[in-house]
Amino acid sequence: MSLLTQAVDIPAFARTQLALLDAELQSEIQETSGLVSATSPVSLQRAGLALINLVVASQRTGFGGWTVLELGPDSATGGELPEHGLRTGDIVLVSEQPAGSAKKREVKDLERKGAKGVVIKVKRETVAVAVDEDKEDAASFGGRVWMVKLADDVTYRRMNQTMEKMRDMQEAEYSGFMRVLFGLTTPSPVSKDLRRDEVFGEGKIEWFDPLLNESQKDAIRFALASKEIALIHGPPGTGKTHTLIELILQFVKRDQRVLVCGPSNISVDNIVERLAPHRVPILRLGHPARLLPSVLGHSLDVLTQTSEAGLIVKDVRNEMDVKQASIRKTRSGKERKAIYADMKELRKEYRQRERACVDTLVRGSKVVLATLHGAGGAQLKNEKFDVIVVDEAGQALEAQCWVPLLAANKAVCAGDHLQLPPTVKSVNSKGNKAKEVGGGDLIKGMSLERTLFDRLLTLHGPGIKRMLTTQYRMHENIMRFPSDELYEGRLVAAEAVAGRLLRDLPYEVKDTEDTNEPVIFIDTRGECPETNEDEDDKEKKDNKKKGSIRSLFGESKSNPIEANLVKQHVGKLVAAGVKAEDIAVVTPYNAQLGFLAGLKDTFPGIELGSVDGFQGREKEAVILSLVRSNTEGEVGFLSEKRRLNVAMTRPKRSLVVIGDAETVRRGSKFLNNWMNWLENNADLRYVDFDSLLAL
């Protein structure tokens, strides 16, 4: 069975997704929790999967009765955490740190002895973790601890349950909505003239924000008029979230109930923050440990406490805090065991009282917000919504989207399929080597990286999509290449941003050659060769031969001379008056970030990150280190034009690209076009080695 652009067999789709999801979960387990028993803590930290040499700085009771540990660096290792890949919402293992000479079997025991938890806050000095209640005694760690990222199997369980349900459905059970989304029927036609009042049946639309641009209004009209599915394509900086807020308010005004979902807690919380000032009855579902502090007031945990049972809930929580405080005061194992038993009973009472209010709160909310997999929780089991809005649909696995969509009659999906898709680690994601799950044919060529947004565009064509075309982030010259190459030349820079430069920042910045140019290209012309991260590292070489952690280190590249060029340019910007916190340095390679780490000591506040990790972010100035420079013309990660699209659309006023044009242009037609554009349109510079030697 081939992957068609026409109708898709739903049971075969579900079987294929189950096979691919199983392979992906196994890959995650092998790369994260499996590595605990195969790799030293130092190596895991270097790979961005762990933090070592930590101590428990404090302990408290968080929302929902969870124990929250604040973990910071041992005083002997300094006041700030090193660069790492742990993010809010990650599942982690916290455990006593093994000695460097610990045997592999001893390290493997760590997962059994440690405490599993959720990262709830990441700061420069500390990471806060809400730990599993069954392992609360993590708070009794006396010495150094470490934390390592684990696979989040909860998300996979929700996706699997949904795919299993779809696999087993009879054709008579397919809703009209499902039939459209799998191409069994075509979408209902939408009027070609959406400006006519009679299209909406209620007269002229009254905009909550009359300053919306015409492409935003057109997208909203289209989403309101569509019967089954509408895609809102939001290129970088075009105000996609702003458009969604207006759309949600318009749905509520029409007395429609809305479920808003996204692939991450951050994506959902961003909408909650923007929606809250409009005083619409909203409810944010989700583990309180994973929510931003600014949205907790709309969460079930907080809203439950404002009900009639709120005072009693508060009393129970106060009692829990007293118990928490007494844990560290006792050295008796018997007393500690008794305290944990009391805590367990208190938590049971706490949650029973919370549950009594949940149904009323959910039913009374016009807008409910949750992550895609969170929408599969018990709170929404029998709830009905008129429309489901999926934000960041270009970054979500399709199986994830179907968790809320399986019961939908209408959906609006917003995103940008021309930026990076969801991160997929499984080697089976792009082929059909995954083991069959549940019997029956699999769809050849299906990939987890192919999102619902992308598939629907291929299936039904651009008629189901509206694109936002005015961008409010970038200088016109920064915008030009991605617009012409990827967005059909349709992007227009808003007047307020079209000509703004670093010299125009709202604080004093000198007018220099570095602050009055929007795009600068420093061509290294093969004089700054790349190096392989594992060339001089015996442990990595050994592991690469074994194949156990090749994915961590085998493809990591760096370019030390390029790193010095980055440092030199940052120094010039700061000397001209640009604040370090307005500058970001991004690169596709983690090994290069290692060479750049010292920038944070010299220029506190500067942001360093991978291209993938910087998606959705923006800075006044962005310096992009391409790294690749070799005689073979190998470009690795750079061959993915969506990755480069992310990188080149992050800056507001200044984009500086540092790389070897001859190597990069050989990678693809897209890269060749980019190098040509930079040579013809950017401020082209070459390496001044004398000035580098002076650093």
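Residues numbered from 1 in each chain as written. Predicted model: local features only at pLDDT ≥ 70, side-chain atom pairs only at ≥ 80, totals over all residues. Heavy atoms only, no water.

*Asks:* What is the right way to read the packing of aromatic side chains from this model?
*Replies:* Geometrically, a pair of aromatic rings is defined through the distance of the ring centres and the angle of the planes. For the structure shown, the criterion picks out six aromatic pairs. Arranged with centres 5.0 Å apart and planes meeting at 70 degrees, the rings of phenylalanine 13 and phenylalanine 182 form a pair that is edge-to-face. You can see phenylalanine 13 sitting in helix 1 (residues 10–31) and its partner phenylalanine 182 sitting in the loop between helix 6 (176–181) and helix 7 (214–225), a full 169 residues away along the chain. There is no split in this pair, since phenylalanine 13 and phenylalanine 182 are both buried. Relative to tryptophan 402, the ring of phenylalanine 182 lies with its centre 5.2 Å away and its plane at 15 degrees, an arrangement referred to as stacked. Of this pair, phenylalanine 182 sits in the loop between helix 6 and helix 7 while tryptophan 402 sits in helix 13 (residues 398–405), placing them 220 residues apart in sequence. (Phe/Tyr/Trp six-rings, centres within 6.5 Å; stacked < 30°, edge-to-face > 60°. Helix = DSSP H or I, 4+ residues; strand = E, 2+ residues; numbered from the N terminus. Buried < 20%, exposed > 50% of the residue type's maximum accessible area, 1.4 Å probe, protein only.)

*Asks:* Teacher, can you tell me more about helix 7 here?
*Replies:* For an α-helix, 3.6 residues make a turn, and residues three or four places apart therefore share a direction. Helix length check: helix 7 (twelve residues) gives 16 Å between terminal C-alpha atoms against 16 Å at 1.5 Å per residue, within 8%. Counting buried positions along helix 7 gives ten out of twelve residues, so the element sits mostly inside the fold. Those residues of helix 7 that sit buried are Ser215, Gln216, Lys217, Ala219, Ile220, Arg221, Phe222, Ala223, Leu224 and Ala225. (Expected span 1.5 Å × (residues − 1).)

*Asks:* So what exactly am I meant to see when it comes to empty space enclosed by the protein here?
*Replies:* To locate leftover empty space, one rolls a probe as large as a water molecule over the atoms. Counted according to the given criterion, the structure contains two cavities of 30 Å³ or more. Roughly 30 Å³ of internal volume is contained in the second largest cavity. Lining of the second largest cavity is provided by Ile478, Phe481, Pro482, Val519, Met648, Leu655, Trp674, Trp677 and Leu678. Where the lining of the second largest cavity is concerned, the elements lending two or more residues are helix 15 (476–486) and helix 24 (669–681). Of the residues that constitute the lining of the second largest cavity, the class distribution is nine nonpolar, no polar and no charged. (1 Å grid on protein atoms, 1.4 Å probe; cavity = no way out; pocket = protein on both sides within 12 Å on 5 of 7 lines; lining within 4 Å. Points joined across faces, edges and corners; volume = space filled by probe spheres on them. Nonpolar A, V, L, I, M, F, W, Y, C, P; charged D, E, K, R; others polar.)

*Asks:* Just checking my understanding: could you explain the sheet that holds strand 5 (residues 127–131) for this structure?
*Replies:* Neighbouring strands of a sheet are bound in pairs by backbone hydrogen bonds; such pairs are parallel or else antiparallel. The strand order around the closed barrel built from six strands is 1-2-5-4-3-6, with neighbouring strands paired in antiparallel fashion. On average, each strand axis in the sheet is tilted by 45 degrees relative to the strand beside it, whichever way the strands run. (Pairing = 2+ DSSP bridges. Axes fitted to C-alpha atoms, helices over the stretch in contact; angles between N-to-C directions.)

*Asks:* Help me out: how do you make sense of the state of the cysteines in this one?
*Replies:* Structurally, a disulfide amounts to a covalent bond that connects the sulfur atoms of two cysteines. Counting across every chain of the model gives zero disulfides. The cysteine cysteine 261 is free of any disulfide, with cysteine 401 supplying the nearest cysteine sulfur at 8.9 Å. With a relative accessible area of 0%, cysteine 261 lands in the buried category. Unpaired in this structure, cysteine 413 has its nearest cysteine sulfur neighbour in cysteine 401, at a distance of 6.1 Å. What makes cysteine 413 buried here is its relative accessible area of 1%. (Disulfide = S-S within 2.5 Å.)

*Asks:* Please explain the pattern of salt bridges as it appears in this structure.
*Replies:* Pairs can form between side chains of opposite charge once their charged atoms are near each other. All told, the structure shown has 30 salt bridges when counted by the stated rule. Where arginine 179 meets glutamate 171, a salt bridge forms, and the shortest distance between an N and an O atom there is 3.9 Å. Between arginine 480 and glutamate 476 there is a salt bridge, with its nearest N and O atoms 4.0 Å apart. With arginine 480 and glutamate 476 both in helix 15, this residue pair falls four residues apart, about one helical turn. Residue classification places glutamate 476 among the partly exposed positions, given a relative accessible area of 37%. In this structure, a network of salt bridges that share partners links the residues Arg473, Glu618, Glu620, Lys652 and Arg653. (Salt bridge = Lys/Arg side-chain N within 4 Å of Asp/Glu carboxyl O.)

*Asks:* Sorry, what's going on with the pairing of strand 8 (residues 258–262) here?
*Replies:* Working note: regular strand, side chains alternate between the two faces of the sheet. Along strand 8, five of the five residues are buried, which leaves the element largely enclosed by surrounding structure. Judged by which residues are buried, strand 8 turns out to be covered on both faces: Val258, Val260 and Gly262 on one side and Leu259 and Cys261 on the other are all buried. As paired strands, strand 8 and strand 10 (residues 367–371) are joined by five bridges and run parallel to one another. Looking at the pairing, glycine 262 lines up with threonine 371 of strand 10. The sheet contact formed by strand 8 and strand 11 (residues 387–390) spans four bridges and is parallel. Bridge pairing in strand 11 places leucine 259 opposite isoleucine 388.

*Asks:* Looking at this model, I keep getting lost on the sheet that holds strand 22 (residues 651–659). Mind explaining?
*Replies:* Taken in spatial order, the six strands make up an open sheet running 20-19-21-22-16-23, and their pairing is parallel. The sheet terminates laterally at strand 20 (607–610) and strand 23 (683–686), the two strands that pair on one side only. The mean inter-strand angle of the sheet, taken between neighbouring strand axes irrespective of direction, is 20 degrees. Sheet topology note: the strand 19 (residues 583–587)/strand 21 (residues 619–625) ladder contains four bridges and is parallel. Following the sheet pairing, isoleucine 583 is matched in strand 21 by alanine 621. Helix-sheet contacts for helix 15 involve strand 16 (519–523) and strand 22, and the interaxial angle to strand 22 is about 65 degrees. Along the sheet, helix 24 contacts strand 16, strand 21, strand 22 and strand 23; its crossing angle with strand 16, the most-contacted strand, is approximately 110 degrees. (Contact = heavy atoms within 4.5 Å.)

*Asks:* Help me understand the nonpolar core in this model?
*Replies:* It is characteristic of soluble globular proteins that their nonpolar side chains tend to be buried jointly. The biggest cluster of nonpolar side chains holds 59 residues, and the ones touching the most others in it are Phe13, Met163, Met166, Met178, Leu181, Trp402 and Leu405. Within the second largest apolar cluster, 40 residues are counted, among which are Val497, Val611, Trp674 and Met675. (Core = buried A, V, L, I, M, F, W, Y, C linked by side-chain atoms within 4.5 Å.)

*Asks:* Would you explain the packing of helix 22 (residues 641–648) against helix 24 in this entry?
*Replies:* The axes of two packed helices give the description: the angle between them and the distance between them. Their axes nearest at 10 Å, the elements helix 22 and helix 24 cross at an angle of 30 degrees. Accordingly, the angle class assigned to the pair helix 22 and helix 24 is roughly parallel. As helix 22 runs across helix 24, the sense of the crossing is left-handed. The residues of helix 24 that touch helix 22, namely those facing Lys641, Leu644 and Met648, are Phe670, Leu671 and Trp674. (Parallel < 35°, antiparallel > 145°, perpendicular 65-115°, else oblique. Left-handed = near helix turned anticlockwise from the far one by under 90°.)

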